[in-house]
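Each chain is listed here by its residues.
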Protein chains: 4
Amino acid sequence: MGHTIREKAKLLARVRRLKGQMEAVERSLDAEAPCGEVLQLLASIRGALAGLTHEVMEDHLHEHVVHAADDAEREKAAAELAEALRTYIR
Amino acid sequence: MGHTIREKAKLLARVRRLKGQMEAVERSLDAEAPCGEVLQLLASIRGALAGLTHEVMEDHLHEHVVHAADDAEREKAAAELAEALRTYIR
Amino acid sequence: MGHTIREKAKLLARVRRLKGQMEAVERSLDAEAPCGEVLQLLASIRGALAGLTHEVMEDHLHEHVVHAADDAEREKAAAELAEALRTYIR
Amino acid sequence: MGHTIREKAKLLARVRRLKGQMEAVERSLDAEAPCGEVLQLLASIRGALAGLTHEVMEDHLHEHVVHAADDAEREKAAAELAEALRTYIR
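Attention in this report is confined to the structure presented alongside it. (Residues numbered from 1 in each chain as written. Chains lettered and ligands numbered in written order. Predicted model: local features only at pLDDT ≥ 70, side-chain atom pairs only at ≥ 80, totals over all residues. Heavy atoms only, no water.)

1. Describing unusual backbone geometry
Residue and element names in this part refer to chain A.
Point 1. Positive phi, close to 50 degrees, is recorded for E32, a residue that is not glycine.
Point 2. With respect to the helices, strands and loops of the structure, E32 is situated in the loop between α1 (5-30) and α2 (35-66).
Point 3. For E32, a relative accessible area of 37% puts it in the partly exposed group. (Helix = DSSP H or I, 4+ residues; strand = E, 2+ residues; numbered from the N terminus. Buried < 20%, exposed > 50% of the residue type's maximum accessible area, 1.4 Å probe, protein only.)

Here it is in structure tokens:
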């Protein structure tokens, strides 16, 4: 990434929270919790993962596309973003 | 948009195909077609709409972010893209 | 579908609204409206299409799975729903 | 859940794989890996999470809707599924 220390710390905090949410799913499956409960946990993980992804994309757009070192870098970073969008916009 | 004539023609062709697909859903509901059939038509519209959206985003990224007239325009176009992504990445 | 007249009328009204929204995209592309505007129209269509799809799925679940004529019909309708979900949950 | 032992084991294996994938994201952010790489890891997690969710939904549909103990249970389980779908179909 090569972004600011502050952004890195924020992203890492989000990933750690996600790991904790995944462990909650593991415990709920292990304890044979009601399906509705498991599905709610999974939906909240999807939301948190999307929030993290949107943040990485925004950082990428800002640092590597808008503030690219030169035009070639800019083209390359934009192509990476367009490629990443394929998973989400379908 | 202000893009090339060729891109405009391609996007308009996609929109017209989508209108035709929407009319097929209308007919299938009107004729009380099986739900499974209606759901398949709706899924194919979602796919086609996503394809069109991805193309508009890619054009926008290329024309207005990568090839912006100046830095202020670039920042503005990037912010518009980040905003549009919120609907899809969640 | 074979659902109630009232449900059919509601679904058809949603489809007609969607056709109108698609025509708004067509006009905006034709008039070379700003990309940000086109992207907003496309996002609102995605939302409306998802709303319609959720309603068809809920009707299907209620009419053909919960209130199936017999167990064989119920299995078949549930399999159709699980298949339709593949497009959305990925 | 109250499902079969075999299903439970399969679901738990998927959750553990997801935890491993989340740790890979953590390492990649910590090592300041290229954004494109982080975005690919996040996209693969989204796919794996969706696969797990689809499986829990299918199990729920099969065990608690199709094979419900009685009609009241069936209605309740169908309503839980319809509610869970709101996160994905929008």
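2. A short note on the relation of the copies chain D and chain A
Point 1. Laying chain D over chain A is done by rotating through 180 degrees and shifting 0.0 Å along the axis; what remains is an RMSD of 0.0 Å. Overall, the copies show the geometry of a two-fold rotation axis. Identified as the residue of chain D closest to the rotation axis by C-alpha distance is K19(D), at 3.2 Å.
Point 2. Take the interface residues of chain D: 100% of them recur as interface residues in chain A, which is what a same-surface contact looks like. (Least-squares fit on C-alpha atoms with pLDDT ≥ 70 in both. Contact = heavy atoms within 4.5 Å.)

3. Some thoughts on helix α3 (residues 71-88) of chain C
Residue and element names in this part refer to chain C.
Point 1. Over its 18 residues, α3 extends 26 Å from the first C-alpha to the last, a length consistent with the 26 Å expected when each residue adds 1.5 Å.
Point 2. For α3, the set of buried residues is R74, A77, A78, L81, A82, A84, L85 and Y88. When α3 is viewed along its axis, its buried side chains cluster within an angular range of 165 degrees and face the same direction. Residues of α3 that are exposed and point over 90 degrees away from its buried face: A72 and K76. (Expected span 1.5 Å × (residues − 1). Arc of directions from axis to C-beta.)

4. Topic: the interface of chain A and chain B
Much of the literature gives interface size as the accessible area that the parts lose upon coming together.
Point 1. With 21 residues of chain A at the interface, the matching set in chain B holds 21 residues.
Point 2. When chain A packs against chain B, close to 1,900 Å² is buried across both sides, 72% of that on carbon and sulfur atoms.
Point 3. The largest share of the area that chain A buries against chain B comes from H54(A), V66(A) and I89(A), three residues that together contribute 30% of it.
Point 4. Taken together, the connections running from chain A to chain B amount to three residue pairs in polar contact (both at pLDDT 80 or more).
Point 5. At the level of elements, α2 and α3 (71-88) of chain A are the ones that each hand at least two residues to the side of chain A that touches chain B.
Point 6. Sorting elements by how many residues they give to the side of chain A that touches chain B places α2(A) first, with 10 residues.
Point 7. The residue makeup of the side of chain A that touches chain B, split by class, is 11 nonpolar, four polar and six charged. (Buried area = accessible area lost by both parts, 1.4 Å probe. Polar contact = N/O pair within 3.5 Å; in protein donor to acceptor, adjacent residues only side chain to side chain. Nonpolar A, V, L, I, M, F, W, Y, C, P; charged D, E, K, R; others polar.)

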